[in-house]
Amino acid sequence: MVLGESGLLIRGPSGSGKTTLARDLLQAGPILPVFAALVGDDRIVVEARHGRLVARPHPALAGLIEIRGAGLQIVENTLPSAVLRLVVDLAETVPRMPEPARESVLLLGVRLPRIILPRDPARASTVLWRWRRPHGMMMAG
């Protein structure tokens, strides 16, 4: 998904809450206000281009989000691609103080900042806080 101009890659096992987190962030966008859009829900295609990672939805699922128990639903705010700036990993157990080595991840030869979050109703606000951190530093620089 996209927040502002930054793509977020949300990863985790089936049932970990990836879609719920994306929906929460989409709903928070207009309230904050910040631009928020979905790139894809499942089966995201990620490729390295010119030292950056670009994410695109699988063509069969573009513009759709799967709601457990309701099936595929159309999403109004979508984009065809995003340059990834942050990886959000959803996990069952998360250390209270992460090791510095776990605060980034190497994907297809590109290093990105990373946060690991447990099941938590407030995790959308945690993602927004982390998203603003590098965003604010980029604006100041």
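Per an unreviewed UniProt entry, the protein is named HPr kinase, and its organism is Methylobacterium nodulans.

Novice: What is the right way to read the side chain of arginine 123 from this model?
Specialist: Inspection of the secondary structure puts arginine 123 in helix H2 (residues 123-140). For the buried arginine 123, no salt bridge exists, and the shortest N-O distance to an oppositely charged side chain is 6.2 Å, to aspartate 24. At 3.1 Å, the side chain of arginine 123 forms a polar contact with the backbone oxygen of serine 16. From its side chain, arginine 123 meets the backbone oxygen of proline 118 in a polar contact 3.3 Å long.

Novice: Where do I start with the pattern of salt bridges in this structure?
Specialist: Oppositely charged side chains can pair when the atoms bearing their charge come close. Evaluated as defined, the whole model comprises 4 salt bridges. Aspartate 89 is paired through a salt bridge with arginine 11; the nearest N and O atoms lie 2.6 Å apart. In this pair, aspartate 89 sits in strand E8 (residues 82-90) while arginine 11 sits in strand E2 (residues 6-11), placing the two residues 78 residues apart along the sequence. Look at aspartate 89 and you get buried, because its relative accessible area is 8%. Where arginine 114 meets aspartate 89, a salt bridge forms, and the shortest distance between an N and an O atom there is 2.6 Å.

Novice: What should I look at first to understand the environment of proline 80 in this one?
Specialist: Here proline 80 lies in the loop between strand E7 (71-74) and E8. With relative accessibility at 63%, the residue proline 80 sits in the exposed group.

Novice: How should I be thinking about the nonpolar core in this particular structure?
Specialist: Where a protein is soluble and globular, its nonpolar side chains tend to be buried together. Counting 24 residues, the largest nonpolar core has Leu8, Leu25 and Val88 as the members making the most contacts within it. Of all elements in the fold, only E2, helix H1 (18-31), strand E6 (64-67), E8, strand E10 (110-117) and H2 reach the threshold of two or more residues within this core. With 5 residues, H1 is the largest single contributor of residues to this core. The residues touching leucine 25, leaving out its near neighbours within four places in the chain, are Met1, Leu3, Leu8, Ile10, Ala36, Ala124, Val127 and Leu128. Ranked by size, the runner-up nonpolar core spans 9 residues in total, among them Ala55, Val87, Val105 and Leu107.

Novice: What is the right way to look at H1 in this model?
Specialist: Since the α-helix advances by 3.6 residues per turn, residues separated by three or four positions end up pointing in the same direction. The first and last C-alpha atoms of H1 sit 21 Å apart over 14 residues, in line with the 20 Å expected at 1.5 Å per residue. Those residues of H1 that sit buried are Lys18, Thr19, Leu21, Ala22, Leu25, Leu26, Ala28 and Gly29.

Novice: I tried to follow the UniProt feature "domain: HPr kinase/phosphorylase C-terminal" (unreviewed entry) in the protein on my own but got confused; where do I start?
Specialist: The feature "domain: HPr kinase/phosphorylase C-terminal" (unreviewed entry), as annotated in UniProt, sits at residues 5-93 in this numbering. The span residues 5-93 carries 16% helix and 39% strand; its end-to-end C-alpha distance comes to 30 Å.

Novice: So what exactly am I meant to see when it comes to the pairing of strand E4 (residues 45-49) here?
Specialist: Moving residue by residue along a regular strand, the side chains alternate between the two faces of the sheet. Looking at chain direction, E4 and strand E5 (residues 52-56) are connected through 5 bridges and run antiparallel. Directly across from glutamate 47, in E5, lies its bridge partner valine 54. In this structure, the hairpin formed by E4 and E5 is closed by a connection of 2 residues, where histidine 50 is found at a positive phi of approximately 55 degrees.

Novice: Could you clarify how one ought to interpret the confidence of the model for the protein in this entry?
Specialist: As a general rule, the predicted coordinates of low-pLDDT regions are not to be interpreted in detail. Residues of the protein with pLDDT of at least 70 account for 94%, and the chain-wide mean is 84. Mean pLDDT across the elements of the protein bottoms out in H2 (65) and peaks in E5 (97). The low-confidence segment residues 135-141 (pLDDT under 50) makes 0 contacts with residues lying over four places distant or belonging to another chain.

About the cut-offs
Residues numbered from 1 in each chain as written. Predicted model: local features only at pLDDT ≥ 70, side-chain atom pairs only at ≥ 80, totals over all residues. Heavy atoms only, no water. Helix = DSSP H or I, 4+ residues; strand = E, 2+ residues; numbered from the N terminus. Buried < 20%, exposed > 50% of the residue type's maximum accessible area, 1.4 Å probe, protein only. Lys, Arg positive; Asp, Glu negative; His and termini not counted. Salt bridge = Lys/Arg side-chain N within 4 Å of Asp/Glu carboxyl O. Polar contact = N/O pair within 3.5 Å; in protein donor to acceptor, adjacent residues only side chain to side chain. Core = buried A, V, L, I, M, F, W, Y, C linked by side-chain atoms within 4.5 Å. Contact = heavy atoms within 4.5 Å. Expected span 1.5 Å × (residues − 1). UniProt positions renumbered as here; feature names shortened; annotations may be inferred. Pairing = 2+ DSSP bridges. pLDDT = per-residue confidence, 0-100.

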